[in-house]
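Examination of the molecular architecture
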Amino acid sequence: ISQEKQFDHLIDIWSTIASKFDNWEVHLYGDGPMETLRRKIEALSLQKSFKIFPSTPEIKSKMQEASIFALVSATEAFPMVLLEAMDAKLPIVSYDSPNGPRNIITNDKDGFIVPLNNKTAFAEKLELLINDVALREKFIENQKTKLEIFSQKRVMNQWNDLILEILKEK
């Protein structure tokens, strides 16, 4: 848990829509300084629906139990977690962090990208996904193409081709 991940934003976002979704919870997994986040959750009376858990080696199975993935980072280089979320069949809402999510998510096709730090827009897209099972399923179906593009086999073949090309030039 680091400040760049902006989990405090996720708490704020959830606080604006949580009362509409009694049967939904936000689960956050990680280690680090959590006390500020816990205090904010308490201050907003979200203890029943916003849960913090320690990091786990079973994160893939935890993701597979979820319904939506939310990324509120201020910065991301190449967020592998988005590919992991797609692999876990999760529709995604993400901030448009510099350099990262836009390289993986195609907005309105296989996820939502909202303007960086726009909590209102994020809450609207999150609420839309919660309410629209068909949209969640559409995003999941469309993510299959992305998973193929970033598959280990394809990426390794590209690396192999690049190395062979470099060796030919010598």
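The structure this text deals with has already been given above.
Residues numbered from 1 in each chain as written. Predicted model: local features only at pLDDT ≥ 70, side-chain atom pairs only at ≥ 80, totals over all residues. Heavy atoms only, no water.

Side note on the environment of Ser15
- With respect to the helices and strands, the residue Ser15 is situated in helix 1 (residues 7–17).
- Residue Ser15 is classed as partly exposed on the basis of its relative accessible area, which comes to 29%.
- For the pair Ser15 and Leu46, spaced 31 residues apart in the sequence, the C-alpha separation amounts to 7.1 Å.
- With residues up to four places along the chain from it excluded, the contact list for Ser15 reads Leu44 and Leu46.
- A polar contact is formed between the side chain of Ser15 and the backbone oxygen of Asp12, at a distance of 2.6 Å. (Helix = DSSP H or I, 4+ residues; strand = E, 2+ residues; numbered from the N terminus. Buried < 20%, exposed > 50% of the residue type's maximum accessible area, 1.4 Å probe, protein only. Contact = heavy atoms within 4.5 Å. Polar contact = N/O pair within 3.5 Å; in protein donor to acceptor, adjacent residues only side chain to side chain.)

Describing helix 4 (residues 80–87)
- Buried within helix 4 we find Leu82, Leu83, Ala85 and Met86. The arc enclosing the buried residues of helix 4, seen along the axis, measures out at 155°, which places them on a common side.
- Packed against the buried residues of helix 4 are helix 3 (59–64), strand 3 (69–71), strand 4 (92–95) and helix 6 (133–149).
- Count one or two residues on from helix 4 and you reach Lys89, which has phi positive near 60°. (Arc of directions from axis to C-beta.)

Description of the sheet that holds strand 4
- With parallel pairing, the 3 strands of this open sheet are ordered in space as 3-4-5. In this open sheet, the two strands that pair with only one neighbour each are strand 3 and strand 5 (112–114). Averaged over all pairs of adjacent strands, the angle between their axes in this sheet comes to 15°, without regard to strand direction.
- By the bridge criterion, 3 bridges tie strand 3 to strand 4 in an arrangement that is parallel. (Pairing = 2+ DSSP bridges. Axes fitted to C-alpha atoms, helices over the stretch in contact; angles between N-to-C directions.)

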